Structures are given as C-alpha cells and as structure tokens.
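What follows is each chain in one-letter form.
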Amino acid sequence: MSVLENWDQWKNFLGDRLNNAQEQGMSQKVINQLAHQVGDYLAGQVDPKNEQERVLSDLWSVASEEEQHAIASVMVKLVENNSSH
C-alpha cells in the first residue's frame, strides 16, 4: 500500500520529513515554503488516494496562492501536532 493511500500513514510520513527538516535547522518559513511546493506538486501530479486528500486537492484547486500558503501552513501544524502526541 502506498503512503498516499492511508491518511494516518501520510501524516506520519510528513511528520518524519518535518522532523528531519527541523533537525537540519530549517526555519519555519522555509518549511512552510517547502510545504507549499509539495502541495503544488501533489495537486498537479498526483491523484488523491483517499477522502482527506480529495478534500485537500479540491480546496487547493480553488484557493488563491495566499490561501494555498495558508493550507500548507496548516498542514505543517497538523503534522507537528500529530507527531508530538
């Protein structure tokens, strides 16, 4: 099963990458910019594999660039909160 097919696995995968970025000293601003780039790539290149990804994809497709940055930032926060429990 692909990491994209299960929402919890996807969040854990992102959490691991976030932890690695923080350990390497990346700033929150850089992390949020990377999250936006990943979101842009996923929206354009990857078919959502579950309901949660479909909602994110649909939101991303109608959002302005500023709103996309907000979505990316919120995903970073979600992953941070998920990995701290």
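The rules behind these values
- Residues numbered from 1 in each chain as written.
- Predicted model: local features only at pLDDT ≥ 70, side-chain atom pairs only at ≥ 80, totals over all residues.
- Heavy atoms only, no water.
- Salt bridge = Lys/Arg side-chain N within 4 Å of Asp/Glu carboxyl O.
- Helix = DSSP H or I, 4+ residues; strand = E, 2+ residues; numbered from the N terminus.
- Buried < 20%, exposed > 50% of the residue type's maximum accessible area, 1.4 Å probe, protein only.
- Axes fitted to C-alpha atoms, helices over the stretch in contact; angles between N-to-C directions.
- Left-handed = near helix turned anticlockwise from the far one by under 90°.
- Contact = heavy atoms within 4.5 Å.
- Nonpolar A, V, L, I, M, F, W, Y, C, P; charged D, E, K, R; others polar.

Participant: Help me out: how do you make sense of the pattern of salt bridges in this one?
Facilitator: Side-chain pairs of opposite charge can arise whenever the charged atoms involved come near each other. Summed over all chains, the structure comprises three salt bridges. K11 serves as the salt-bridge partner of D8, at 3.9 Å between the closest nitrogen and oxygen. Here D8 and its partner K11 are both found in helix 1 (residues 7-23), three residues apart, which amounts to about one turn of the helix. For K11, a relative accessible area of 11% puts it in the buried group. With a closest N to O distance of 3.3 Å, R54 and D47 form a salt bridge. Overlapping salt bridges, with partners in common, bring together D47, R54 and D58 in one network.

Participant: Can you walk me through the packing of helix 1 against helix 2 (residues 28-45) in this structure?
Facilitator: Angle between the axes and distance between the axes are the two parameters that describe a pair of packed helices. Packing of helix 1 against helix 2 brings their axes to within 11 Å, and their N-to-C directions diverge by 145°. You can see that helix 1 and helix 2 cross each other, and the crossing is right-handed. Here W10, L18, A21 and Q22 of helix 1 lie close against helix 2, whose contacting residues are Q28, I31 and L42. Counted by class, the contact of helix 1 with helix 2 contains five nonpolar, two polar and no charged residues.

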